[in-house]
Amino acid sequence: MRRAAYLVLLLGAAFACGHVPQDLWAKTWKYARAWGVDPYLVAAVVWVESGYCTQAMGRAGEVGLGQFMPGTWQRVTGAPLEWRSHPDWALWATAKHLRELWEATRDWRLALAAYNAGLGAVRRGAIPASTQRYVERVLSVYRAWRRG
């Protein structure tokens, strides 16, 4: 019985990946507006980062919807690392971090590059090709969703 409950929980999270559940779409808009960021941009970042999979885990230790590394999470939120998988915290933190990066760069392309590679890399002008592709993927999703 325990195993069946675990499989249902696991499969439920898996089925949520690859589409945007209505409740997460509404929360994306709520937190993006609270931080003065275009909700479609926040949604595009989350889509590219995690496919809106709340349990997403990256190879380098990034976790959750916004795929936060531990140090970035601590700097942006001050919240416990376990909360990276919590949808509300992850969406709030993604919007907040994007706003902070825009404030630091005053350029959305550079802010997106900093989200992926770090602000230090952007300031040094050391933006990897993989990050440039990341920025284009995010902007492509953003433009598609803006068009409807």
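What counts, and at which threshold
- Residues numbered from 1 in each chain as written.
- Predicted model: local features only at pLDDT ≥ 70, side-chain atom pairs only at ≥ 80, totals over all residues.
- Heavy atoms only, no water.
- Helix = DSSP H or I, 4+ residues; strand = E, 2+ residues; numbered from the N terminus.
- Buried < 20%, exposed > 50% of the residue type's maximum accessible area, 1.4 Å probe, protein only.
- Contact = heavy atoms within 4.5 Å.
- Areas by Shrake-Rupley, 256 points an atom, 1.4 Å probe, with all protein chains shown as cover.
- 1 Å grid on protein atoms, 1.4 Å probe; cavity = no way out; pocket = protein on both sides within 12 Å on 5 of 7 lines; lining within 4 Å.
- Points joined across faces, edges and corners; volume = space filled by probe spheres on them.
- Nonpolar A, V, L, I, M, F, W, Y, C, P; charged D, E, K, R; others polar.
- Polar contact = N/O pair within 3.5 Å; in protein donor to acceptor, adjacent residues only side chain to side chain.
- Salt bridge = Lys/Arg side-chain N within 4 Å of Asp/Glu carboxyl O.

The protein chain goes by Lytic transglycosylase domain-containing protein in an unreviewed UniProt entry, where it is assigned to Thermus thermamylovorans.

Enquirer: How do you make sense of the overall build of the protein chain when you look at a structure like this?
Expert: Across its full length, the protein chain holds eight helices and zero strands. Along its sequence from the N terminus, the protein chain presents helices and strands in the succession α-α-α-α-α-α-α-α. Looking at the 148 residues of the protein chain, the share that counts as buried comes to 41%. Counting contacts in the protein chain only where the partners sit at least 6 residues apart, residues at least 24 apart contribute 47% of the total. Accessible surface for the protein chain amounts to roughly 8,300 Å². Of this, 57% is attributable to carbon and sulfur atoms.

Enquirer: Mind showing me how you'd approach the layout of surface pockets here?
Expert: Rolling a probe over the atoms, with the probe sized like a water molecule, indicates the empty space that remains. Its boundaries defined by the atoms lining it, the largest pocket holds a volume of some 460 Å³. Looking at the largest pocket, it is lined by 20 residues, and the ones nearest its centre are Glu62, Gln67, Met69, Tyr115 and Asn116. For the lining of the largest pocket, the elements supplying multiple residues, two or more each, are α4 (70-77), α5 (87-105) and α6 (108-117). Ranked by residue count, the leading element in the lining of the largest pocket is α6, at four residues. Its residues assigned to classes, the lining of the largest pocket comprises nine nonpolar, seven polar and four charged.

Enquirer: Can you help me understand α6 in this one?
Expert: Residues that lie three or four places apart on an α-helix share one face, since the helix turns once every 3.6 residues. If you check which residues of α6 are buried, you get Ala111, Leu112, Ala113, Ala114 and Tyr115. Taken together, the buried residues of α6 touch α3 (39-50), α5, α7 (119-124) and α8 (129-147). Among the residues of α6, the N-terminal cap falls to aspartate 107, whose side-chain oxygen and the backbone nitrogen of arginine 109 are separated by 2.8 Å. Glycine 118 lies just past α6 and shows a positive phi near 100°.

Enquirer: I'm lost on the pattern of salt bridges in this one. Help?
Expert: Pairing is possible between side chains that carry opposite charge, provided their charged atoms lie close to one another. This model, assessed by the stated rule, comprises six salt bridges. A salt bridge links aspartate 88 to lysine 27, with the nearest nitrogen and oxygen atoms 3.0 Å apart. Of this pair, aspartate 88 sits in helix α5 while lysine 27 sits in helix α2 (residues 22-34), placing them 61 residues apart in sequence. Here lysine 27 falls in the partly exposed class, since its relative accessible area comes to 23%. Look at the salt bridges and you will find they share partners, linking Arg99, Glu103 and Arg106 into a network.

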